Amino acid sequence: MKQPLPSRRARWWRVPLISMAAGLLGACASVTDKLPSVSGLVTPYRIDILQGNVVTKEQAQALQTGMRREQVKAQLGSPLLTSVFHGDRWDYVFTFKRQGQPPQQRRLTVFFKGEELERVESDELPSESEFVSSLDARHKSDKVPPLEATEEQLKNFRAGGAASAPAEPAPAAPSGNAYPPLESPGATR
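Residues numbered from 1 in each chain as written. Predicted model: local features only at pLDDT ≥ 70, side-chain atom pairs only at ≥ 80, totals over all residues. Heavy atoms only, no water.

Student: What is the right way to read the pairing of strand β5 (residues 116-122) from this model?
Tutor: Successive residues of a regular strand alternate their side chains across the two faces of the sheet. Where strand β4 (residues 104-113) lies against β5, six bridges are found, and the strand directions are antiparallel. Bridging across to β5, Val110 finds its partner in Val120. Hairpin connection, β4 to β5: the antiparallel pair is bridged by two residues, and Gly114 has positive phi, about 75°. (Pairing = 2+ DSSP bridges. Helix = DSSP H or I, 4+ residues; strand = E, 2+ residues; numbered from the N terminus.)

Take a look at the structure:
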């Protein structure tokens, strides 16, 4: 069964609708030329890219001429690059890319004579603390947060946290890096 064609009266609204749509699209093109683009306002999230071996100044200073290959590997880890044609050379390469920061790239090359370390060539390497602080560049703080709670902080915590538990004195902290207990000694699970 054939469907009847729409009458002229039923089609009259299509022409103005199509012409309005074309006009609006044309207007959008001229407006977007004057406004900043959406890609300029919104940037996509890019993950941090860490590749290679992190070698610090302390690790490089621990290398000594005459060390065996196994000792060098124990100190620095497996080399990122080894060559079949240059069996007496190991390259340790490190790159770090983070959005909004210049990329970091460092290289350390160790040369062997037989099975023993002959010499080391490297870029300027950061100390371990310098490297760690460069990773978290969003928080520009030179001050390391304290890792120990003071007696006053512990008393305030006990007073506010556990009303039913009896307040006990904090155990004497041994010398060195001592951390407060995660749970009070009398707490049960």
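Student: Can you help me understand the packing of aromatic side chains in this one?
Tutor: One pair of aromatic rings is described through two measures. These are the centre distance and the angle between the planes. Counting across every chain of the model gives two aromatic pairs. Here the aromatic rings of Trp90 and Phe112 are separated by 4.8 Å at their centres, their planes lie at 70°, and the arrangement is edge-to-face. Taken as a pair, Trp90 in strand β3 (residues 89-97) and Phe112 in strand β4 lie far apart in primary sequence, 22 residues in all. Each of the two residues, Trp90 as well as Phe112, counts as buried. Its guanidinium or amino end placed over the ring of Phe111, Arg119 lies 3.8 Å from that ring's centre, counting from NZ or CZ. (Phe/Tyr/Trp six-rings, centres within 6.5 Å; stacked < 30°, edge-to-face > 60°. Buried < 20%, exposed > 50% of the residue type's maximum accessible area, 1.4 Å probe, protein only. Lys NZ or Arg CZ within 6 Å of the ring centre and 35° of its normal.)

Student: So what exactly am I meant to see when it comes to the nonpolar core here?
Tutor: Proteins that are soluble and globular tend to have nonpolar side chains buried together. Grouped together as the largest cluster of nonpolar side chains are 13 residues, with contacts concentrated most on Leu63, Val72, Leu76, Tyr92, Leu108, Val110 and Leu117. When residues of this core are traced back to their parent elements, those giving at least two are α5 (69-76), β3 and β4. With three residues, β4 is the single largest residue contributor to this core. Here Leu108 is in contact with Val55, Ala60, Leu76, Trp90, Asp91, Tyr92, Val120, Glu121, Ser122 and Leu125, once residues within four sequence places are set aside. (Core = buried A, V, L, I, M, F, W, Y, C linked by side-chain atoms within 4.5 Å. Contact = heavy atoms within 4.5 Å.)

Student: For this particular structure, what's the right way to read the side chain of Thr95?
Tutor: Looking at the element boundaries, Thr95 is found in strand β3. Owing to a relative accessible area of 16%, Thr95 belongs among the buried residues under this scheme.

Student: What is the right way to read empty space enclosed by the protein from this model?
Tutor: With a probe scaled to a water molecule rolled over the atoms, the places where space remains empty come into view. If you walk through the whole model with that rule in mind, you get one cavity of 30 Å³ or more. Looking at the largest cavity, its volume works out to about 70 Å³. Taken together, 13 residues form the lining of the largest cavity, with Asn53, Val55, Phe94, Arg106 and Leu125 sitting closest to its centre. Class assignment for the residues of the lining of the largest cavity results in nine nonpolar, two polar and two charged. (1 Å grid on protein atoms, 1.4 Å probe; cavity = no way out; pocket = protein on both sides within 12 Å on 5 of 7 lines; lining within 4 Å. Points joined across faces, edges and corners; volume = space filled by probe spheres on them. Nonpolar A, V, L, I, M, F, W, Y, C, P; charged D, E, K, R; others polar.)

Student: In this structure, what is going on with a nonpolar patch on the surface? I would like to understand it.
Tutor: A contiguous nonpolar surface patch, about 330 Å² in accessible area, is contributed by Trp13, Leu17 and Met20. Mapped onto the elements, Met20 comes out in helix α2 (residues 14-34). On the accessibility criterion, Met20 (53% relative accessible area) is exposed. (Patch = residues over 30% accessible without salt bridge, like charges linked within 9 Å, V, L, I, M, F, W, Y side chains within 5 Å. Areas by Shrake-Rupley, 256 points an atom, 1.4 Å probe, with all protein chains shown as cover. Salt bridge = Lys/Arg side-chain N within 4 Å of Asp/Glu carboxyl O.)

Student: Would you mind showing me how to read a negative patch on the surface here?
Tutor: There is a patch of like negative charges on the surface, built from Glu58, Asp123, Glu124, Glu128 and Glu130. Along the chain, Glu128 falls in helix α6 (residues 128-135). (Lys, Arg positive; Asp, Glu negative; His and termini not counted. Charge placed at Lys NZ, Arg CZ, Asp CG, Glu CD.)

Student: Sorry if this is basic, but what is going on with α5 here?
Tutor: Side chains that are three or four residues apart share a direction in an α-helix, a result of its 3.6 residues per turn. For α5, the set of buried residues is Arg69, Val72 and Leu76. The arc that holds every buried residue of α5, seen down its axis, measures 60°, which confines them to one face. Residues Glu70 and Ala74 are exposed on α5 and point more than 90 degrees away from its buried face. Looking at the buried positions of α5, the neighbouring elements they touch are α4 (57-62), β3, β4 and β5. At the exit of α5 stands Gly77, carrying a positive phi of roughly 95°. (Arc of directions from axis to C-beta.)

Student: Looking at this structure, I do not really get the pattern of salt bridges. What am I missing?
Tutor: Oppositely charged side chains can pair when the atoms bearing their charge come close. Counted according to the given criterion, the structure contains five salt bridges. Taking the shortest distance from any N to any O, the salt bridge between Arg98 and Asp48 comes out at 2.9 Å. Of this pair, Arg98 sits in the loop between β3 and β4 while Asp48 sits in the loop between α3 (38-41) and β1 (49-52); the two residues are 50 residues apart in sequence, bridging distant segments of the chain. On the basis of relative accessible area, Asp48 is assigned to the partly exposed category, the value being 28%. With a shortest N-O distance of 3.5 Å, Arg69 and Glu115 are connected by a salt bridge. Residue Arg69 is located in helix α5, and its partner Glu115 is located in the loop between β4 and β5; the two are separated by 46 residues in the primary sequence.

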